[in-house]
Amino acid sequence: MGLLARRRDYSQAEACFQQALDLHEADPLTHYHFAVDCLLPQGRQEDVCWHLHRALALRPRKERDRKRILENLNRHCSGRSGSP
């Protein structure tokens, strides 16, 4: 999924991320990578913020993952609503 996004094949990457979320919606890192790797480069700010808020709400197990999500929320979503 991330590789497709890095190749700028966003429509295929989005389809893969959506399939992954359909299978396991409660995975915070899938929401995070979908937001940062696929949606952000497309300028889809509202969707980015929604998925970052969702990732944080799902309480990532690792502190470093939580910090990355928070950093991106602050960088890209400060002052925006977008919480799930």
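Provided above is the structure to which this section pertains.
Residues numbered from 1 in each chain as written. Predicted model: local features only at pLDDT ≥ 70, side-chain atom pairs only at ≥ 80, totals over all residues. Heavy atoms only, no water.

Caption draft 1: How the structure looks around unusual backbone geometry. With phi around 55 degrees, Arg-59 is a residue other than glycine that occupies positive phi space. Structurally, the position occupied by Arg-59 is in the loop between α4 (45-57) and α5 (63-77). (Helix = DSSP H or I, 4+ residues; strand = E, 2+ residues; numbered from the N terminus.)

Caption draft 2: View of the pattern of salt bridges. Enumeration according to the criterion identifies 5 salt bridges in this entry. With its nearest N and O atoms 2.7 Å apart, the salt bridge here joins Arg-44 to Glu-14. Highlighted residues: Arg-44 in the loop between α3 (28-39) and α4 and Glu-14 in helix α2 (residues 10-23), separated in sequence by 30 residues. For Arg-44, a relative accessible area of 27% puts it in the partly exposed group. Salt-bridge contacts for Arg-66 lead to Glu-63; the nearest nitrogen and oxygen are separated by 2.7 Å. With Arg-66 and Glu-63 both in helix α5 and 3 residues apart, the pair spans about one turn of that helix. Residue classification places Arg-66 among the partly exposed residues on the basis of a relative accessible area of 31%. If you follow the salt bridges from partner to partner, you end up with Glu-14, Arg-44 and Asp-47 in one network. (Salt bridge = Lys/Arg side-chain N within 4 Å of Asp/Glu carboxyl O. Buried < 20%, exposed > 50% of the residue type's maximum accessible area, 1.4 Å probe, protein only.)

Caption draft 3: Seen up close, the packing of α4 against α5. One can describe the packing of α4 onto α5 by two numbers: an axis separation of 10 Å at closest approach and a directional angle of 150 degrees. With respect to each other, α4 and α5 are oriented roughly antiparallel. Two packed elements cross with a definite hand, and for α4 against α5 that hand is left-handed. Contacts between α4 and α5 involve Gln-45, Val-48, Cys-49, Leu-52, His-53, Ala-55 and Leu-56 from the first element and Arg-66, Ile-69, Leu-70, Asn-72, Leu-73, His-76 and Cys-77 from the second. Residue composition of the contact of α4 with α5, grouped by class: 9 nonpolar, 4 polar and 1 charged. (Axes fitted to C-alpha atoms, helices over the stretch in contact; angles between N-to-C directions. Parallel < 35°, antiparallel > 145°, perpendicular 65-115°, else oblique. Left-handed = near helix turned anticlockwise from the far one by under 90°. Contact = heavy atoms within 4.5 Å. Nonpolar A, V, L, I, M, F, W, Y, C, P; charged D, E, K, R; others polar.)

These figures come from the coordinates and say nothing about function on their own.
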